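Descriptive analysis of the structure
Chain residues, written in single-letter form:
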Amino acid sequence: MNLDKLQITAEHRSNWQAIDLGVLMAKRWYRPLLLSWLIPALILFIPLSVWFYESPWIAMLVVWWCKPLLERAPLFLLSRYLFNDDPLKQSGYRSLHRLYWFDMFSALTWRRLDLKRSFNLAVTVLEQQKGSARSKRCTVLQSGCGSSAGWLTIALVHLEAVLCIGFIVLLVMLMPQHYDWAFMEPLLDHPLLFEHIYNALYFSAIALIAPIYTACGFSLYINRRIELEAWDLELIFRHNMQKRSSNQRSAATLLIFGVFGLFTLLQPQPLLAATMDQSQRELAKESILQTLESPPFVIEKKVSEWSWPDNQSDAPPADVPDWLKNLGDFRGLAEFIESIALLIEVCVWIAIGLLLLYIGKQLYTQVRQNATPRPERVRDHALPPELIMGMQISRASLPEDIPAAVEAALQQGDQRLALSLLYRYSLSQLVSLHQIPLKRWHTEGECAELAKRTAPQDISLCFSELTRLWQQQAYAHQAPSDTRIRAMCDQVGRLFQA
């Protein structure tokens, strides 16, 4: 993963801005993403439709259930396009087999109905995580953006249904009104054909939405990675290093461009010709606008009621076949909507009943606890973390005499080791002595913010200054003076004594 080739600006965005960026990514690489989803889906859909011709719903159900597998190839391509990498490099039968086979059973069983599938798919496909490692990784990444991934799935599922209904309405609207529909009558004797047509329309709707769904979930994942790993800061540091190395070449280039610019300024400019061209363009623009604002380009007609084209009667034309008139009534759609509404009503009443039971149980528990007081139990505090940001902070990993170890590192000229010892010792004392709830995935900024909210003021100010010195040394490679490190060591030893 080369961040220098990243095709988007590495900056932290809100969840909805990340989803909007995913739509733009899908628009840019829509054709390869669509084909990578469509080709395996057709290989699965067409044979099943032929094999289960008498039961068309089986073929559509299998394709719909296998959507988590079909979305893996578009995600793989998108991850390569985003970093300007060749997706065909190091690809073959083994890589393709591993792409679809890896963790396939769990993806098609208990995780099939996961609303955050588009977000978690990158952890499975790109990071190759499964089992408990995958669960822990998803928990860390979903903090703050998991609800957006769930609403993304709900919104695009409804969009698939709307798009399928739109295809049906479009076919009805495109049928000519004055035409002999006798050739359609033999097809009415085969109702399975209409079910296969509906399957094809729904399959097309899923295929059109799949690249957008995958790209939006991947964009949320990339946005969370940028936030946790500070890609924007890393790129800024890289650009600063490159800028330092190219200062001399830039000076020579600026000198050459300055000489050429001076010669260009000394040459006469064709002001009269430019003025004439500008005036001619203005006249042509005014003439075109006047022409477009006059008939036959502009015809205004006020219509205040619905009517059939070329026929002002309220009834459809008499030559329209009966089966087409019945199709326009959408009776089957109305019955389907009534069934869905009844199902939703039943679910709402069940949810209300469960909520009332939960409230009653909580009230009963509270009343019982107040009536019969129980002896307080000693709560087991969670063990403090021994690893934060990849650094060991346990007392066993630190030397007994911190000031002596810091002085020895300074005598050897290793300011980074000295600051590392001070920073790790401060984290260990904050966790063990002041009971600050630090986690192993917290960054330097998050640790400083927690210390500012929970620790005493003098300790939080000292830790904030130590964090700033450590970040300058670790990321910008700017080491403070030995005197400053010794002063910070004295201050840390004075404030963090048990």
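Read on for an overview of the structure. Remember, predicted model here, so these are calculated numbers, not experimental data. (Residues numbered from 1 in each chain as written. Predicted model: local features only at pLDDT ≥ 70, side-chain atom pairs only at ≥ 80, totals over all residues. Heavy atoms only, no water.)

An α-helix turns once every 3.6 residues. As a result, residues three or four positions apart point the same way. The end-to-end C-alpha separation of helix 18 (residues 415-432) is 26 Å, in line with the 26 Å expected for 18 residues at 1.5 Å each. Summarising burial for helix 18: 15 of the 18 residues are buried, a large majority. (Helix = DSSP H or I, 4+ residues; strand = E, 2+ residues; numbered from the N terminus. Expected span 1.5 Å × (residues − 1). Buried < 20%, exposed > 50% of the residue type's maximum accessible area, 1.4 Å probe, protein only.)

On to the packing of helix 2 (residues 30-51) against helix 3 (residues 56-65), then. The geometry of helix 2 relative to helix 3 is characterised by a closest axis approach of 8 Å and an angle of 160 degrees between their N-to-C directions. Taken together, the axes of helix 2 and helix 3 are roughly antiparallel relative to one another. Taken as a pair, helix 2 and helix 3 cross one another with a handedness that is right-handed. Residues Leu44, Phe45, Leu48 and Ser49 of helix 2 lie in contact with helix 3, whose contacting residues are Ala59, Met60, Val62 and Val63. Residues belonging to the contact of helix 2 with helix 3 are distributed by class as follows: 7 nonpolar, 1 polar and no charged. (Axes fitted to C-alpha atoms, helices over the stretch in contact; angles between N-to-C directions. Parallel < 35°, antiparallel > 145°, perpendicular 65-115°, else oblique. Left-handed = near helix turned anticlockwise from the far one by under 90°. Contact = heavy atoms within 4.5 Å. Nonpolar A, V, L, I, M, F, W, Y, C, P; charged D, E, K, R; others polar.)

A few words now on the side chain of serine 106. Mapping serine 106 onto the fold places it in helix 7 (residues 104-107). Those residues in contact with serine 106 that sit more than four places away from it in its chain are Arg111 and Arg112.

Moving on: the packing of aromatic side chains. Aromatic ring pairs are described here by two measures, namely the spacing of the ring centres and the angle between the planes. Per the counting criterion, the structure on display carries 8 aromatic pairs. Their ring planes at 70 degrees and their centres at 6.4 Å tell us that phenylalanine 119 and tyrosine 221 sit as a pair that is edge-to-face. Of the two residues, phenylalanine 119 sits in helix 8 (residues 117-125) while tyrosine 221 sits in helix 11 (residues 191-229), which places them 102 residues apart along the sequence. Geometrically, the ring pair formed by phenylalanine 218 and tyrosine 221 is stacked, given 6.2 Å between the ring centres and 25 degrees between the ring planes. Note that phenylalanine 218 and tyrosine 221 are positioned in helix 11 at a spacing of 3 residues, about one turn of the helix. Here the aromatic residues Trp37, Phe45 and Phe203 are joined through ring pairs into a cluster of three or more. Sitting over the ring of tryptophan 64, arginine 112 keeps its end group 4.3 Å from the ring centre. (Phe/Tyr/Trp six-rings, centres within 6.5 Å; stacked < 30°, edge-to-face > 60°. Lys NZ or Arg CZ within 6 Å of the ring centre and 35° of its normal.)

The next point concerns the nonpolar core. If you look at the biggest cluster of nonpolar residues, it comprises 40 residues, and the most contacted ones within it are Leu82, Phe218, Tyr221 and Ile222. Listed by contribution, the elements that provide at least two residues to this core are helix 1 (15-28), helix 5 (72-82), helix 8, helix 9 (132-141), helix 10 (146-174), helix 11 and helix 12 (231-245). With 9 residues, helix 11 is the largest single contributor of residues to this core. Ignoring any residue separated from it by four or fewer positions in sequence, one finds isoleucine 222 in contact with Ile8, Leu82 and Trp231. The next biggest cluster of nonpolar side chains, apart from the first, holds 38 residues, and it includes Tyr425, Leu427, Phe463 and Val492. (Core = buried A, V, L, I, M, F, W, Y, C linked by side-chain atoms within 4.5 Å.)

It is worth spelling out the pattern of salt bridges at this point. For the coordinates displayed, the defined rule picks out 10 salt bridges. A salt bridge links lysine 67 to glutamate 160, with the shortest nitrogen-to-oxygen separation between them at 3.2 Å. Placement of lysine 67 in helix 4 (residues 67-70) and of glutamate 160 in helix 10 is noted, with a sequence separation of 93 residues between them. Each of Glu127, Arg137 and Arg225 takes part in a single network of salt bridges with overlapping partners. (Salt bridge = Lys/Arg side-chain N within 4 Å of Asp/Glu carboxyl O.)

A few words on the environment of histidine 442. Structurally, histidine 442 is set in the loop between helix 18 and helix 19 (444-454). When its relative accessible area of 12% is taken as the criterion, histidine 442 is described as buried. In this structure the C-alpha to C-alpha distance between histidine 442 and isoleucine 388, which are 54 residues apart in sequence, comes to 6.8 Å. The contact partners of histidine 442, leaving out residues within four places of it in the chain, are Ile388, Met389, Pro437, Cys447 and Leu450.

On to a nonpolar patch on the surface, then. Residues Ile340, Leu343, Ile344, Val348, Trp349, Ile352, Leu355, Leu356, Tyr358, Ile359 and Leu363 make up a contiguous nonpolar surface patch of roughly 1100 Å² in combined accessible area. Within the fold, tryptophan 349 resides in helix 16 (residues 331-371). (Patch = residues over 30% accessible without salt bridge, like charges linked within 9 Å, V, L, I, M, F, W, Y side chains within 5 Å. Areas by Shrake-Rupley, 256 points an atom, 1.4 Å probe, with all protein chains shown as cover.)

Let us now look at helix 9. All buried positions along helix 9 are accounted for by Arg134, Cys138, Val140 and Leu141. End-on, the buried residues of helix 9 take up no more than an arc of 160 degrees, which puts them together on one face. Seen from the open side of helix 9, the exposed residues pointing more than 90 degrees away from its buried face are Ser132, Lys136 and Thr139. (Arc of directions from axis to C-beta.)

Even without being glycine, aspartate 103 reaches a positive phi, approximately 55 degrees. Positive phi, close to 55 degrees, is recorded for glutamine 128, a residue that is not glycine.

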